[in-house]
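The chain contents come next:
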Amino acid sequence: MLFTKKDILDMESLSVDEINLILDTADRMKEISIRPIKKVPTLRGKTVVLFFYEPSTRTRISFDIAAKRLSADSLSIAASTSSIVKGETLADTARNLEAMNPDIIVLRHSSAGTSHLLAGLVKSSVINAGDGMHAHPTQALLDLMTVREKRGGISGLRIAIIGDISHSRVARSNIIGFTKMGAEVVITGPPTMIPKGIETLGASVSYNVDKAICNADVIMMLRIQKERQKSFLFPTEREYSKVYGLTKERVENARSNVLIMHPGPVNRGVEIAYEVVDGPYSIILDQVTNGVAVRMALLYLVSGGARNAGAD
Ligand code: CP
């Protein structure tokens, strides 16, 4: 199958076949990262611009590493050190970037829809690295890759996504991604953090955290996004941890082969206990490792894959 997408903007616009192609390509890319010399010439001569208006550790660095492992030239700009601080608009910034002829622009922005806007303005491929509360498709793809790798498939699994669903682009992209691949997704958390109508994305809603945990094959915990909350949506962090947090006791009631995920950054002791982050069921760092492979696959595929790049 040929990958014909110019941009990666959200999970809605990827078909099951395209998702499978991305995951299969990422599986093959993963091997490059364990070679003594972690570099192939596949994207030599391509330029990748990483434009991050919001802080990021995992996404920015893994895109940077992914580009370098494929021999692309990558450069990072942060909003705080760009002419955005002098009042330049996103559209003008995009036009100026385009004038320098990059091949791929990776954009993280605090406003929903910015990647779609950028993709309509530039000829370069645009990859959404998280836009406001809307979408984080590369996170969902690396989560799908990690679950598929651990369980051998995704269809039929029960995924519990727990926490601040309202403010979470990761939740939205994962609900769409996992349901598209045949999993059953249950979301749970404080009623103040579950948006009305979320079921339309394909998930069911449960307010019984213990039941959601004990029935799940995969438990995905989400951070409370204080930076996006306009008011406190629960009384104290201690109370949140007690009522909704993934404690050691709750994990003891989960399935014996449960997988525990978190997109990061983790608030230890709030949504997830210290010992659970580092415990035997946690695959949080596997997610980070697979983030490099998925992003290598995406850079390769939007560059034309085997058609345009020198496959190695
Ligand atoms: N999961 C995630 O997007 O992490 P960063 O904000 O560190 O990129």
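Residues numbered from 1 in each chain as written. Predicted model: local features only at pLDDT ≥ 70, side-chain atom pairs only at ≥ 80, totals over all residues. Heavy atoms only, no water.

Participant: Just to check I follow, could you spell out the overall build of the protein chain for this structure?
Facilitator: What the protein chain contains, in helices and strands, is 12 helices and nine strands. For the protein chain, the C-alpha radius of gyration of 19 Å lies close to 20 Å, the compact-globule estimate for 312 residues. Residues counted as buried form 56% of the 312 residues belonging to the protein chain. The long-range share in the protein chain, meaning contacts at least 24 apart out of those at least 6 apart in sequence, stands at 74%. Carbon together with sulfur atoms contributes 53% to the accessible area of the protein chain, which is approximately 13400 Å² in total. Positive and negative charge centroids in the protein chain, built from 38 and 33 side chains respectively, lie 2 Å apart. (Helix = DSSP H or I, 4+ residues; strand = E, 2+ residues; numbered from the N terminus. Rg over C-alpha atoms; globule rule 2.2 N^0.38 Å. Buried < 20%, exposed > 50% of the residue type's maximum accessible area, 1.4 Å probe, protein only. Contact = heavy atoms within 4.5 Å. Areas by Shrake-Rupley, 256 points an atom, 1.4 Å probe, with all protein chains shown as cover. Lys, Arg positive; Asp, Glu negative; His and termini not counted. Charge placed at Lys NZ, Arg CZ, Asp CG, Glu CD.)

Participant: Any chance you could explain the pattern of salt bridges here in plain terms?
Facilitator: Any two side chains of opposite charge can pair if their charged atoms end up close together. For the structure shown, the criterion picks out 16 salt bridges. Between Lys6 and Asp7 there is a salt bridge, with the nearest N and O atoms lying 2.9 Å from each other. Connected through salt bridges with shared partners, the residues Asp24, Asp27 and Arg148 form a single ionic network. (Salt bridge = Lys/Arg side-chain N within 4 Å of Asp/Glu carboxyl O.)

Participant: Explain the side chain of Thr59 here, please?
Facilitator: Mapping Thr59 onto the fold places it in helix α2 (residues 58-69). The exposure class of Thr59 is buried, given its relative accessible area of 4%. With residues near it in sequence (within four places) discarded, Thr59 still touches Phe52, Arg108, Ala129, His136, Thr138 and Arg295.

Participant: Help me understand the packing of aromatic side chains in this model?
Facilitator: Any pair of aromatic rings gets described here by the distance separating the centres and the angle formed by the planes. The tally for this structure, following the rule as stated, stands at two aromatic pairs. Plain terms: the ring middles of Tyr240 and Tyr244 are 5.5 Å apart, the flat faces sit at 40° to each other, and that makes the pair tilted. Taken together, the residues Tyr240 and Tyr244, both in helix α8 (residues 237-244) and four residues apart, mark about one turn of the helix. Looking at Tyr240, the relative accessible area reads 2%, which means it is buried. (Phe/Tyr/Trp six-rings, centres within 6.5 Å; stacked < 30°, edge-to-face > 60°.)

Participant: What should I look at first to understand the domain arrangement of the protein chain in this one?
Facilitator: Interface size is often expressed as the accessible area that is lost when the parts come together. If you check the domain split of the protein chain, you get domain 1 (16-136 + 288-307) and domain 2 (137-287). One C-alpha centre belongs to domain 1, the other to domain 2; they are set 25 Å apart. Across the contact, 33 residues belong to domain 1 and 29 residues belong to domain 2. For the pair domain 1 and domain 2, the number of links is 23 residue pairs in polar contact (both at pLDDT 80 or more). (Domains from an automatic or database assignment. Polar contact = N/O pair within 3.5 Å; in protein donor to acceptor, adjacent residues only side chain to side chain.)

Participant: Explain the packing of α2 against helix α11 (residues 284-302) here, please?
Facilitator: At their nearest, the axes of α2 and α11 sit 8 Å apart, and the two run at 55° to each other. Our classification of the angle between α2 and α11 gives oblique. Where α2 crosses over α11, the two elements pack in a sense that is right-handed. Facing Arg58, Thr59, Ser62, Phe63, Ile65, Ala66, Ala67 and Arg69 of α2, the residues of α11 in contact are Val288, Gly291, Val292, Arg295, Met296 and Leu299. Looking at the contact of α2 with α11 residue by residue, the class counts come to eight nonpolar, three polar and three charged. (Axes fitted to C-alpha atoms, helices over the stretch in contact; angles between N-to-C directions. Parallel < 35°, antiparallel > 145°, perpendicular 65-115°, else oblique. Left-handed = near helix turned anticlockwise from the far one by under 90°. Nonpolar A, V, L, I, M, F, W, Y, C, P; charged D, E, K, R; others polar.)

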